[in-house]
Each structure stands twice: as structure tokens, then as C-alpha cells.
Amino acid sequence: MEIKVKSVDPAVAALCPVAEREGVATVFDRNQAQQPQCGFGSLGLCCRVCWKGPCRIDPFGDGPSEGICGANRDTIAARNVTRMMAAGAAGHSEHGRHIALAMQKVGKGELPAYSIRDPKKLQAIATRLGIETQGQDTLSLAYQVATLTLGDYQNQDHDVACRWIEASLPAKRLDKLKSLHALPHNIDATVAQIMARTHIGCDADPTNLFLGGVKGALADFNGMTLATELSDAMFGTPAPVVTEANIGVIKADAINIAVNGHNPLLSEVICEMADELNQDAIAAGAPLGINIVGICCTGNEVMMRHGVPLATNYLSQEMAILTGALDAMVLDVQCIMPSLPQIGDCFHTEVITTMGDNKIQGARHVSFKEEHARENAAQIIRLAIDAYRRRDPNRINIPDIKRTAVVGFSAEAVVDALAKVNSEDPLQPLLDNITNGNIQGIALFAGCNNTQSVQDNSYQTIAKKLAANNVLLLATGCGAGAFAKGGLMNQQATEAYAGDGLKAVLTAVGEAAGLNGPLPLVLHMGSCVDNSRAVTLATALAERLNLDLTDLPLVASAPEAMSEKAVAIASWSVALGLPTHLGTMPQVTGSQVVTDLMTKDAEQLFGGYFLVETDPEVAGDKLVEVIRRKRAALGL
Ligand code: SF4
Ligand code: MSK
């Protein structure tokens, strides 16, 4: 049977025949084997909340309209999507907790492998959180910031909102969320409450469930914001750096180590140790020494801070092994395919899990502890060197496919670039250009790859359409990977695709910032946990104008949303007031009530709503239209 490869990434097209030749199944084969996928599940009408089930509701109304307990389609669909929001919040917030606990230990002087690389950012965070900075040394400030942050996982007073969300949104949005009782007081408690209320025989009101889910999504926002901000303080706030993206960054003459997952705690130390052990790699016979490459969001983390090239994004992570030249793939948490060890076994690649609560059958496990980070990283690099010695040169197949990418546009980096145009008031040039229409609006692309779409295609199609209509583009996560691989994160793309107004602004700012040309067409804001960076920028604009986020010509788009984290992100985006495009069908459409809640009623409550459109051409047009309406409401 011919396998349908659903991707516009030329590296995928080049490597899938290798998989076939080697008898290796990839995500595309498994996707095909799953067809047709379950209609009940796709519509959100399958319930497995208790062991009387699974129960299924007949979407056509001929069969059962209620589960065995009496739950109807609305309850079941609402419970399912609400639980997804909680799982997403748990994922980001665990990541954040891990970073905060590490920072607390750094503050106590207990983690020699780590430091506070950006004390200025730490000071800014402390001020934002209301901590007195005067006369404090960096380590004691780090301890206090981390301890206060961990309070967002501990506070039991329902009337006191989480500190980070309070410190991260415009006053008008906070008032709105307070009035809706949607502000979380404690991340862990909010997630636990969702699990409790969705237990068999509890909350059965779809609106109430959805609102509970939105609070969980806002806990997700809180968790990811603190993860990003503390990571910047510990590892450095990203600034623009030129690098390359796609599978051609793997080098035949180097020992190639891919870092895959999300958490920078280990990958940062691996980058450092790779420098220290480079001579060992050369001595093992690799003339170019060690070559670290990134995959998914750990890839985004090291790309934006160190210019480490990005090998690929989520859906094509298996392709890196199929090059036959990847010596180790180091895994931390989230969005890692459990198929990797099997493919690694077909080659010489060491597939190494590192987190005790994220193991994979068949993978080697190196137990990562921050206290032993340097030893752990050295052990991993030595495993890669040993694997390199087993590499079969006759099986190397690295497609020469890569594109230049200028990455690392944190909110601070964007403001710094604007400050080169107006040092007194950096936001003013951006506001002026939004007002005069050179920039019509701002779109944030977030989210994953999904086998239900053609990989990367929707991102690239929608972005080109928005850019031609003078919309400023920001991207994170695997969306950022799609743009970097597709050549849309460089100056040539600005020349090729930006409308005249947008091109003039990107060129003026890029020239002023010393880039010898325009800013890239799509600004890379980091990994999927870094979506908060775009909110930081939007909040600064809203506060400056004394407006709410929902008043601004801002949209979000998740053309290939897949993970529970993406469900949570899209939901908080709606709760922050943004029209939020989904390019994949949310698994709720079996309930008209829940569908209406998400696509219509949400707008009455929050100002934001889900805009579902699977055709990228049409989605682009719709987003342009939404931005036009937002501008008109502002009298622009
Ligand atoms: Fe069925 Fe109700 Fe149990 Fe869900 S909770 S599986 S609908 S009996
Ligand atoms: S890795 S959550 S597939 S962005 Fe952040 Fe990519 Fe989505 Fe995972």
C-alpha cells in the first residue's frame, strides 16, 4: 500500500523512502493504519470517565442519547475538553515548577552547574512581582523570586489570584477575569478541581464545566509564563541570532546529538559540556567534533539562546534518526514519540530518556538530577561518542536541505530593536505604524503539527496571506519550526512576502538594529511554553493605550493544534480576549452546546472566541477580516 506522506517539508519527502527501504514505520504509516479514526472520539462523544463505560452517544440521534449514568452529549463533550485543558495546564506547570525549584536551589548555592545568567531580567521579574530589590544580591533575589513563584502552587486562599497572572495582564483584562471568577488562585488546586468536578456524577452542566476548564487554561498561562520568565533569568533572555533549520544541519563529519522535548535544564548543560568534550569527539574520529541540533521545543530553547540549529519539528522527529548520522537523541519531556527507540535500534542511535517520570520502553535511561547535571551531560555525550564508533557510513543519508533563520525575538529583544528607532519611547514606533496602517495587526502562530493536516502547510499558507496584508507575524513552538524550516524566518522572506507597509516597518527597524536589512518575516518568540512572550508585548501595548487586549487588532492561530497543551493555550488565548483560529477540528462538535460555547458564547463572556477553519486559504482570509473589524472598532 502506498503511504500518504502528509508534509510540505522536503526533508520528510527525502527521508520517507529511506524509512520504507529500511522497513521502518513512521508517523505517516501509523496515521494511515489508524484510518478510519473513531467518529465518536472525533466528535467528543465517547466517555471513558468510569468503568461502566465506555459510553457513546449516537451523533445522528438514532441510538443512545445518554451514557449509562445519564450523561448527555453536552456533558460528555464538555468534560472531555475540560480535562484536556487541565492536562495541558499540568504539563506546562510541571515544567515551570521544575525550573522554579531549580532556581530556588541556585539561590541557596546548591546547584553549581547553574547560575543566574541574566541578573537584569531577574531584577525586572522581582520588581514585577513586588519584591524589594534594593541592596539584594543576585542569589538571594533568585531564592525569593523562586519561593514567591512556588507560592502559585501552594496558595489556599481562593480570593487571592496567582501572583504571576496578576503581574502579567492589563488591568482591564484582570478585572474582566475577576468578574467571571476565572482567575486561578493555585495552579495545582485548579487542575485538581477540574479532575474532581469531571469525576463520574459531579459537574454535568456544560457551561459550568467549560468555565472551570477556562480557569484551568488560565492556570496554564500562569505556569507557562513563570516557566519562560525564570528560564530567561537562569539561562539568558533570547536576543536575535542567525542560525539554520532543517535536517541538513546534521553533519556527516560530526558527532550529532539531538536534544528533543521542552525543558532547558539539561539541554543547556549539554551545550556547555559539548564544548568541553569536543576534543574527545575529534579524537574518536569525528573531524568536526560535536554538533548539537534541536528538535521540537527543546530545540527552540537552545536555538533562541545559543543559535543551535533546528533539525526539525514535532511530526518529523523520527526523520533525524533516518539520516543514519544521528548518534544520540536526548529526550526530556512532552511531545516525544514513543516510537523513537525502535527506530534508533534500526540504526546506531542512542535514544536516551532523562526524566524519571518520562521513560520510554526500549530507550536507555540516564537519570537526570540538577545536582549532577554536568556528570549527566558528560555521560550522555560519551554515549553519543561510543555510538558514533558504531555508525555505518554506508547508511548515511542526510538531505542537503536547510534554510537560514534569524531567531530569538523575546519581548525584550523586540523592544530593544524598537528602541533603536525611538530610544525614549520604544513602543511608539509600533503604535504609530499600527495607527497609520503600515501594520494592520499582529498574529501569533502557536501550536503543533497534526497528522490531520499536511505538515507545516497551513502555517506557511496563512502566514504568507497575512504578511501580504501587512500583519506582523510572531511564532512559537512547532509553528516556529515550520516557519524556520520553510524559509520564512529570514530577511529574504520579508522581501518576498511582506506587503509594502509591513516591509517598510521591518526594514526600518532591522536597519536601525544593525541587521543590514529587514527583520525576518516571522519573529521567532521561542518554544510553546513561550507564548507568554507575545502576551507580554500585547500587554505593554494595551497598558500604554489604556485598552483591553480584546480591543487591539490581535489574533492567534493554531493551524495544526494537537496536544492537550495546545488546547489549554488556545483556551487561555480566548479567555484573554483574542479571536483564536484552530485549523484542526476540536473534538467537541458532537455537542452543539459546547461548539456554540467555544465559537460564539465565549465572545460574549471574554471577547475572544474559537474560529475553526481547516482550509488555510480561507482561514487566512477570515483572520484578515477579523483584524479589519478590530481596526474599524478602534476607528482605524
Ligand atoms: Fe458512561 Fe457515565 Fe461512566 Fe461516562 S461517566 S463512561 S457516560 S456511565
Ligand atoms: S512541541 S505542544 S507539538 S508546539 Fe512544544 Fe510542538 Fe505542540 Fe508539542
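A quick note: this is a predicted structure, and the numbers were derived from the prediction, not measured.

### A short note on the overall build of the protein
Counting its secondary structure elements, the protein contains 26 helices and 16 strands. Against the globule reference of 26 Å for 636 residues, the protein gives a C-alpha radius of gyration of 24 Å, in line with a compact fold. The dimensions of the protein, computed from C-alpha atoms along their principal axes, are 65 × 65 × 50 Å. With 636 residues in all, the protein has 60% of them scored as buried. Expressed as a percentage of contacts within the protein between residues at least 6 apart in sequence, the contacts between residues at least 24 apart total 75%. If you sum the accessible surface of the protein, you get close to 23100 Å²; carbon and sulfur atoms cover 50% of it. Taking the average location of the 51 positive side-chain charges in the protein and that of its 68 negative ones, the two points are 2 Å from each other.

### Regarding the site of ligand 1
Around ligand 1, the structure places Cys47, Val49, Cys50, Lys52, Gly53, Cys55, Gly67, Ile68, Cys69, Arg79 and Ile200. Its residues assigned to classes, the shell around ligand 1 shows seven nonpolar, two polar and two charged.

### Digging into the nonpolar core
Counting residues in each nonpolar core, the largest one holds 166 residues, and the members touching the most others are Met103, Tyr114, Met234, Phe445 and Leu473. Among the elements that line this core, the one with the most residues is helix α10 (residues 206–235), at 14 residues. Listed in part, the 37 residues of the second largest apolar core include Ala11, Val12, Ile250 and Ala258.

### Some points on unusual backbone geometry
The peptide bond linking Gln35 to Pro36 adopts the cis configuration, its omega dihedral lying at -5°. Across the junction of Gly53 and Pro54, the peptide omega takes the value 5°, indicating a cis bond. Its identity as a non-glycine residue notwithstanding, Asn246 has a phi of 115°, on the positive side. Following the sequence through the fold, Asn246 ends up in the loop between β3 (241–245) and β4 (255–261). A relative accessible area of 1% places Asn246 in the buried class. Positive phi outside glycine occurs at Cys335, with the angle close to 60°.

### Focus: the site of ligand 2
With respect to spatial proximity, the complete set of residues near ligand 2 consists of His262, Cys297, Tyr314, Cys335, Gly447, Cys448, Gly477, Cys478, Cys528, Met562, Ser563 and Lys565. Of the residues contributing to the shell around ligand 2, the split by class is seven nonpolar, four polar and one charged. Taken domain by domain, the makeup of the shell around ligand 2 includes at least three residues from each of domain 3 (247–395) and domain 4 (403–633).

### Some details on the sheet that holds strand β16 (residues 609–612)
Spatial strand order, β13-β12-β11-β14-β15-β16: six strands in an open sheet with parallel pairing. Bordering the open sheet on either side are β13 (522–526) and β16, each of which pairs with just one other strand. The sheet shows a mean angle of 25° between the axes of neighbouring strands, taken without regard to direction. Summarising the sheet, strand β12 (residues 471–476) and β13 pair through four bridges and their orientation is parallel. Among the inter-strand pairings, Ala475 is bridged to a residue of β13, identified as His524.

### Describing helix α9 (residues 187–197)
All buried positions along α9 are accounted for by Ile187, Ala189, Thr190, Val191 and Ile194. Buried-residue contacts for α9 involve α4 (73–107) and α10.

### Focus on the UniProt feature "binding site: [4Fe-4S] cluster 1" (unreviewed entry) in the protein
Under the UniProt annotation, "binding site: [4Fe-4S] cluster 1" (unreviewed entry) lies at Cys38 and Cys46. Residue position: Cys38 is located in the loop between α2 (27–33) and α3 (39–43). Judged by its relative accessible area of 42%, Cys38 is partly exposed. With respect to the helices, strands and loops of the structure, Cys46 is situated in strand β1 (residues 46–47). The contact partners of Cys46, leaving out residues within four places of it in the chain, are Phe40, Gly41, Pro54, Cys55, Ile76 and Asn80.

So, how was this worked out
- Residues numbered from 1 in each chain as written.
- Chains lettered and ligands numbered in written order.
- Predicted model: local features only at pLDDT ≥ 70, side-chain atom pairs only at ≥ 80, totals over all residues.
- Heavy atoms only, no water.
- Helix = DSSP H or I, 4+ residues; strand = E, 2+ residues; numbered from the N terminus.
- Rg over C-alpha atoms; globule rule 2.2 N^0.38 Å.
- Buried < 20%, exposed > 50% of the residue type's maximum accessible area, 1.4 Å probe, protein only.
- Contact = heavy atoms within 4.5 Å.
- Areas by Shrake-Rupley, 256 points an atom, 1.4 Å probe, with all protein chains shown as cover.
- Lys, Arg positive; Asp, Glu negative; His and termini not counted.
- Charge placed at Lys NZ, Arg CZ, Asp CG, Glu CD.
- Near = heavy atom within 4 Å.
- Nonpolar A, V, L, I, M, F, W, Y, C, P; charged D, E, K, R; others polar.
- Core = buried A, V, L, I, M, F, W, Y, C linked by side-chain atoms within 4.5 Å.
- Domains from an automatic or database assignment.
- Pairing = 2+ DSSP bridges.
- Axes fitted to C-alpha atoms, helices over the stretch in contact; angles between N-to-C directions.
- UniProt positions renumbered as here; feature names shortened; annotations may be inferred.

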